[in-house]
Amino acid sequence: MPEIRDQLAESTQAQTIVIAIANQKGGVGKTTTAVNLATALAACGKRVLLIDLDPQGNASTGLGIARADRAHGAYQVLIEGKLSAETIHQSLVPNLDIIPASPDLIGADIELIELDRREYRLRDALTEAGLAHDFVLIDCPPSLSLLTLNAMVAAASVLVPLQCEFFALEGLSQLVKTIDRVKMHLNPELQIQGVVLTMFDRRSSLNEQVAADVREHFGAKVYETTIPRNVRVAEAPSYGKPALLYDIRCPGSQAYVMLASEVLRRELGQGALAPTTDGQELTGA
Ligand code: ATP
Ligand code: MG
């Protein structure tokens, strides 16, 4: 992959914005958000790197990276503490690269305990690499483990996908405490980028009630965009494609385009994106 190697060697652009996508609760839409937000940002012409930091490897699968091609990935980055070119894979989406979850990542949490600067390994690797990407999105596992800590220490902000079910607020307050602790001890810059309500069903009064509570507590931190529950979004990973490539017109894909627009507005003060009805720019066709 000489092209990517050149990118790595290239001097960095103004700034790479690193966002960790985290929630210790399982199945709330972290990976779906990571894959589709990354795709939407790439479709806006941003150079995006998605790091799959979850040993389940769902983001790697969702972007069509075959298991056989995952020998070099996030595990090597963490353990070696550096980012070599062979860990970065081009995805099927133009402008979107991925560091997949290598199979050994399952043991990384334990191996990291013994290493120097164990919470800073990812940050050190990204800093040393001097990436040419505009955005790095990190898909975290459903735990507050050393893997997630590495993501939070490497990131400038955390984007929290939240499913509006009972106990959602409790889980969120635990996460906020962890973010505060990371801020105090490991990464003073860390912010909450925002909270995105996922798999939202307007017909559910529980969903509506929890959403109102979350908006009351977190105010403007909650994105205006909510991601609807949409079967096309759930089907896409089985085709190894982001929902935005599988069906750009479905409500879930359109919502992720709007979310990307909000993220761009928050990060760069830009991004008045019109929802796209044509997927051509995504496939480069
Ligand atoms: P884990 O904690 O296991 O990593 P996660 O937080 O990454 O899970 P996802 O894998 O993104 O969550 O989503 C959980 C399940 O919900 C998946 O089967 C996914 O396809 C489905 N899903 C996510 N978002 C939507 C949506 N908007 N509409 C319908 N299904 C969805
Ligand atoms: Mg996941």
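Here, every reference points to the structure presented above.
Residues numbered from 1 in each chain as written. Chains lettered and ligands numbered in written order. Predicted model: local features only at pLDDT ≥ 70, side-chain atom pairs only at ≥ 80, totals over all residues. Heavy atoms only, no water.

Student: So what exactly am I meant to see when it comes to the overall build of the protein chain here?
Tutor: Counting its regular elements, the protein chain contains 13 helices and 8 strands. Residue burial in the protein chain is summarised as follows: out of 285 residues, 55% are buried. Considering only contacts in the protein chain between residues 6 or more positions apart, those separated by 24 or more positions represent 78%. Split by element, the accessible area of the protein chain, about 12,400 Å² in all, is 51% carbon and sulfur. (Helix = DSSP H or I, 4+ residues; strand = E, 2+ residues; numbered from the N terminus. Buried < 20%, exposed > 50% of the residue type's maximum accessible area, 1.4 Å probe, protein only. Contact = heavy atoms within 4.5 Å. Areas by Shrake-Rupley, 256 points an atom, 1.4 Å probe, with all protein chains shown as cover.)

Student: Hey, could you run me through the packing of helix α7 (residues 146-154) against helix α8 (residues 168-185) in this one?
Tutor: Two elements in contact, α7 and α8, have axes separated by 10 Å at closest approach and are oriented at 60°. The orientation of α7 relative to α8 falls into the category oblique. Here α7 and α8 pass one another in a crossing that is right-handed. Where α7 approaches α8, its residues Leu149, Met152 and Val153 are matched on the opposing element by Leu175, Thr178, Ile179 and Val182. Of the residues assigned to the contact of α7 with α8, the class counts are 6 nonpolar, 1 polar and no charged. (Axes fitted to C-alpha atoms, helices over the stretch in contact; angles between N-to-C directions. Parallel < 35°, antiparallel > 145°, perpendicular 65-115°, else oblique. Left-handed = near helix turned anticlockwise from the far one by under 90°. Nonpolar A, V, L, I, M, F, W, Y, C, P; charged D, E, K, R; others polar.)

Student: Please clarify how the packing of aromatic side chains should be interpreted in this entry.
Tutor: Each pair of aromatic rings is reported with the distance of its centres and the angle of its planes. Across all of its chains, the model carries 2 aromatic pairs by this definition. Measuring from centroid to centroid gives 4.8 Å for Phe166 and Phe167, while their planes differ by 50°, and the two rings are tilted. For Phe167, a relative accessible area of 53% puts it in the exposed group. On the basis of an interplanar angle of 20° and a centroid distance of 4.9 Å, the ring pair of Tyr239 and Tyr246 is categorised as stacked. Its guanidinium or amino end placed over the ring of Tyr120, Arg117 lies 4.5 Å from that ring's centre, counting from NZ or CZ. (Phe/Tyr/Trp six-rings, centres within 6.5 Å; stacked < 30°, edge-to-face > 60°. Lys NZ or Arg CZ within 6 Å of the ring centre and 35° of its normal.)

Student: It is not clear to me how the pattern of salt bridges should be interpreted in this structure. Could you clarify?
Tutor: Opposite charge on two side chains lets them pair, provided their charged atoms get close. Counted according to the given criterion, the structure contains 6 salt bridges. Taking the shortest distance from any N to any O, the salt bridge between Asp134 and Arg47 comes out at 3.5 Å. Here Asp134, found in the loop between α6 (121-129) and β5 (135-139), pairs with Arg47, found in the loop between α2 (30-43) and β2 (48-52); they are 87 residues apart in sequence, far enough to count as distant. The class for Asp134 is buried, based on a relative accessible area of 13%. A relative accessible area of 26% means that Arg47 is categorised as partly exposed. Across the pair Asp124 and Arg117 runs a salt bridge whose closest N-O atoms are separated by 2.8 Å. A relative accessible area of 26% means that Asp124 is categorised as partly exposed. One salt-bridge network, in which partners are shared between bridges, spans Arg232, Glu235 and Asp247. (Salt bridge = Lys/Arg side-chain N within 4 Å of Asp/Glu carboxyl O.)

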